[in-house]
Amino acid sequence: MQNLETEILGRKGKLTLILRGIKDLSDEEKRTVGQLSNKVKTSLEKEFEHKIKELENTSIEKELGKTFFDTTIPGKTRQLGHIHPLSQVQEEVERIFSQMGFAVMDGPEVESEYYNFEGLNIPKDHPARDMQDTFFIQSKEDQSHGKLVLRTHTSPAQIRTMEKYGAPLRIIVPGRVFRYEATDASHDATFYQVEGLLIDKDISLSHLKGVMAQFLTRLFGQPVKVRFRPGYFPFVEPGLEVDFSCLLCEGKGCRVCKHSGWMEFMGAGMVHENVLKAGGINPKEYQGWAFGFGLTRLVMMRYKIDDIRLLTNSDLRFIKQF
Ligand code: FA5
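Here the structure is a predicted model, which is why all the values come from computation and not from measurement. (Residues numbered from 1 in each chain as written. Predicted model: local features only at pLDDT ≥ 70, side-chain atom pairs only at ≥ 80, totals over all residues. Heavy atoms only, no water.)

(A) Just the sheet that holds strand β9 (residues 262-271), in detail. Reading across from one edge, β1-β5-β6-β10-β9-β8-β7 is the order of the seven strands in this open sheet, with mixed pairing throughout. Two strands close off the open sheet at either side, each with one partner strand: β1 (103-104) and β7 (226-230). Sheet topology places strand β5 (residues 169-178) next to strand β6 (residues 190-200); ten bridges connect them, and they run antiparallel. In the strand pairing of β6, R170 is matched with L198. Of the strands in this sheet, β1, β5, β6 and β10 (287-294) touch helix α5 (residues 85-99), which is tilted by about 165° from β5. Against the sheet, helix α10 (residues 295-303) touches β6, β8 (236-245), β9 and β10, its axis set at about 55° to β10. (Pairing = 2+ DSSP bridges. Helix = DSSP H or I, 4+ residues; strand = E, 2+ residues; numbered from the N terminus. Contact = heavy atoms within 4.5 Å. Axes fitted to C-alpha atoms, helices over the stretch in contact; angles between N-to-C directions.)

In structure tokens:
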């Protein structure tokens with residue numbers, strides 16, 4: 001209101017300028033315009049004074065006094081959401097690996113056949129490429145990269161990262177993967193994996209054992225042992241299956257570990273030289289290892305969940321427990 005007053009009646013206000021211009025008018029005009037503008041000025045000054053007083057008198061306290069407001073009524077609590085158990089564990093995995101010097105990377109969920117299979121040394125006739133195992137996207141076939149697929153594992157990110165950053169490398173890639181398979185208590189068609197890749201000079205599997213034992217011990221907050229068994233994956237040589245000591249029976253043998261004392265955990269191995277070449281890295285100069293574990297299964301173990309499908313079926317009664 002005061003701004004408006006200055007705009008009209010102030011030293012450089014619109015009306016003040018008109019009043020100043022009166023001196024240049026003829027005598028007759030001076031009289032008419034002078035009288036009229038003085039009248040306007042007096043009435044505006046009155047109006048402004050009145051309005052400013054009125055505004056000063058309507059304070060918030062006075063307005064509130066007019067209606068009854070019970071300050072003792074308890075407020076309505078808002079339902080706060082929380083982080084999904086899968087994301088909670090993923091964040092923890094990322095934190096532990098970051099502390100060990102690993103960078104956290106990402107890769108596309110819709111992949112080309114090349115990155116998902118050929119680049120990883122998985123040949124055209126490999127059973128994983130059957131319609132039963134893979135979701136193919138209806139797309140034109142690209143000469144060098146094939147069709148588009150929903151990635152069946154996080155391993156394609158190995159080649160993408162090698163191509164982009166070269167060696168040395170120390171990364172993990174958490175992400176969602178898809179397989180066309182019947183679901184049961186421990187298998188889903190959409191689940192989460194974490195890929196790991198370390199490329200450098202003079203790298204051996206003993207480094208992998210040390211990193212995994214350290215990671216699992218920190219994650220579970222109790223000493224965890226790791227064991228290697230031979231395993232086959234076309235993109236590693238030699239290939240391994242990695243187990244860790246059962247946390248429920250501390251290795252003594254129980255129903256959950258099928259009385260073996262060990263839990264199956266992940267696939268791993270020394271990166272195959274064809275994969276290093278596909279990533280543009282010279283296998284004579286660098287070598288390294290890779291691993292891929294099921295994040296969803298890790299969450300199940302962490303919270304003792306006995307059916308994988310509970311994690312993604314959106315039942316709030318279940319999800320709210322974590
Ligand atoms: C792979 O996917 C390899 N890419 C892993 C790898 C990476 C090996 C790097 C060597 C080097 P596999 O198909 O075994 O491997 O899956 C890895 C993990 O994903 C399994 O150990 C399991 O924990 C999890 N997994 C596999 N299928 C399912 C499923 N249907 N539902 C939930 N978890 C699954």
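(B) Spatial organisation of the site of the ligand. The environment of the ligand is formed by 23 residues, the closest being H153, S155, R179, E181 and D188. The contact in question runs from a nitrogen atom of the ligand to an N or O atom on the backbone of D188, over 3.0 Å. Q193 places a polar side-chain atom, nitrogen or oxygen, 3.1 Å from an oxygen atom of the ligand. Within the complex, the protein chains bury 89% of what would otherwise be the 680 Å² of accessible surface of the ligand. Elements represented by at least two residues in the shell around the ligand include exactly β6, β9 and β10. In terms of residues, the shell around the ligand owes the most to one element, β10, which gives four residues. Split by residue class, the shell around the ligand holds nine nonpolar, nine polar and five charged. (Near = heavy atom within 4 Å. Polar contact = N/O pair within 3.5 Å; in protein donor to acceptor, adjacent residues only side chain to side chain. Areas by Shrake-Rupley, 256 points an atom, 1.4 Å probe, with all protein chains shown as cover. Nonpolar A, V, L, I, M, F, W, Y, C, P; charged D, E, K, R; others polar.)

(C) Local environment of the packing of helix α1 (residues 2-9) against helix α3 (residues 27-57). In the contact formed by α1 and α3, the axes pass within 11 Å of each other and the chain directions differ by 170°. Looking at the two axes, α1 sits roughly antiparallel to α3. Each of Q2, L4, E5, I8 and L9 in α1 lies in contact with α3, whose residues at this interface are K41, L44, E45, F48 and I52. Here the residues of the contact of α1 with α3 sort into six nonpolar, one polar and three charged. (Parallel < 35°, antiparallel > 145°, perpendicular 65-115°, else oblique.)

(D) Fine view of the pattern of salt bridges. Applying the stated criterion to the full structure yields 16 salt bridges. A salt bridge links E109 to R176; the nearest nitrogen and oxygen atoms lie 3.3 Å apart. Taken together, the residues E109 in the loop between β1 and β2 (110-112) and R176 in strand β5 connect sequence positions 67 residues apart. Between D243 and R227 there is a salt bridge; the shortest N-O distance is 3.0 Å. Placement of D243 in strand β8 and of R227 in strand β7 is noted, with a sequence separation of 16 residues between them. (Salt bridge = Lys/Arg side-chain N within 4 Å of Asp/Glu carboxyl O.)

(E) Quick look at the sheet that holds strand β3 (residues 136-142). With antiparallel pairing, three strands are arranged side by side in an open sheet as β2-β4-β3. Edge positions in the sheet fall to β2 and β3, since each has one partner strand and no second. For this sheet, the mean angle separating the axes of adjacent strands, direction not counted, is 25°. Here β3 pairs with strand β4 (residues 146-150) via three bridges, running antiparallel. Each bridged residue has a counterpart across the sheet, and for D142 the counterpart in β4 is G146.

(F) Looking closely at unusual backbone geometry. The omega angle of the peptide bond from A167 to P168 is -5°, so this bond is cis rather than trans. Its place among the elements puts P168 in the loop between α7 (156-165) and β5. Each neighbour pair has its own omega, and for E237 with P238 the value is -5°, a cis peptide bond. With respect to the helices and strands, P238 occurs in strand β8. Its identity as a non-glycine residue notwithstanding, N121 has a phi of 65°, on the positive side. Classification of N121 as partly exposed rests on a relative accessible area of 24%. If you check the backbone angles, D202 has positive phi at about 55° while not being a glycine. (Buried < 20%, exposed > 50% of the residue type's maximum accessible area, 1.4 Å probe, protein only.)

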